[in-house]
Amino acid sequence: MTDLVRPLLAALINDDLRLVLAEALAEGLEPLSPAKRARARQKLIDTGVVTADGDALTFDPGQAREALQAMARPRREGLDRFLTDTGRVDRYPSDHETRVEFLTMLAKRALQPGERMTEPVLTVRLEGLADDAVLLRRHLIDYGVAERTPGGEEYWLAEA
């Protein structure tokens, strides 16, 4: 939902976009009756989107800015910055050392020290951590975080 609301609020703050929107909305509409205009005007004032000075209305982008700020996610630190809000892989670090550290963290969530498991079982566990569990499994092996038998029958955490 946030992904849908943010661009709408940002559009309301932008003067050029607001002008184009007003022009587009005005095309082909019948003029409002004085009673409907007064009700609509009051609703806008009540929301805080506009302020009234006599007959003149002034748009106040402050409300939209506050809403955008309230929706901003706190900046994540450390390895958590590579995870979604639900703790799944969002992206992989580009730096080799950080990537190994990140993969090690993920491997420890899927595998226990000394535990050996089959490829299908590991894949199911990794599906809880990443959209592409096969890629994650491949990274664990390629970066030396996990090991497997030559035929891929069993997987386990690499010894530190």
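What counts as what
- Residues numbered from 1 in each chain as written.
- Predicted model: local features only at pLDDT ≥ 70, side-chain atom pairs only at ≥ 80, totals over all residues.
- Heavy atoms only, no water.
- Helix = DSSP H or I, 4+ residues; strand = E, 2+ residues; numbered from the N terminus.
- Buried < 20%, exposed > 50% of the residue type's maximum accessible area, 1.4 Å probe, protein only.
- Axes fitted to C-alpha atoms, helices over the stretch in contact; angles between N-to-C directions.
- Parallel < 35°, antiparallel > 145°, perpendicular 65-115°, else oblique.
- Left-handed = near helix turned anticlockwise from the far one by under 90°.
- Contact = heavy atoms within 4.5 Å.
- Nonpolar A, V, L, I, M, F, W, Y, C, P; charged D, E, K, R; others polar.
- Core = buried A, V, L, I, M, F, W, Y, C linked by side-chain atoms within 4.5 Å.

Draft legend 1. Main features of the environment of E154. Summarising the element assignment, E154 is placed in the loop between β3 (146–148) and β4 (155–157). We classify E154 as partly exposed; its relative accessible area is 30%. Separated by 91 residues in the primary sequence, E154 and Q63 have C-alpha atoms spaced 57 Å apart.

Draft legend 2. Here's a closer look at the packing of helix α6 (residues 119–127) against helix α7 (residues 133–142). Taken N-terminus to C-terminus, the directions of α6 and α7 make an angle of 110°; their axes are 9 Å apart at the nearest point. Taken as axis vectors, α6 and α7 run roughly perpendicular relative to one another. Crossing hand, α6 versus α7: right-handed. Residues E119, L122, T123, L126 and E127 of α6 form the contact with α7, whose participating residues are A133, L136, R137 and L140.

Draft legend 3. Representation of the packing of helix α5 (residues 96–110) against α7. Across the interface, α5 lies against α7 with an axial gap of 10 Å and an inter-helix angle of 115°. Between α5 and α7 the crossing geometry is left-handed. Listed contacts from α7 to R99, L103, L106 and A107 of α5 are L136, H139 and L140. For the contact of α5 with α7, the per-class residue count stands at five nonpolar, one polar and one charged.

Draft legend 4. Seen up close, the nonpolar core. Counting 25 residues, the largest nonpolar core has F102, L106, L126, L136 and L140 as the members making the most contacts within it. Mapped onto this core, the elements with two or more residues apiece are α5, α6, α7 and β4. A per-element tally of this core places α5 first, with six residues. Ignoring anything within four residues of it in the chain, the contact list for L140 reads L103, A107, L126, V145 and A146.

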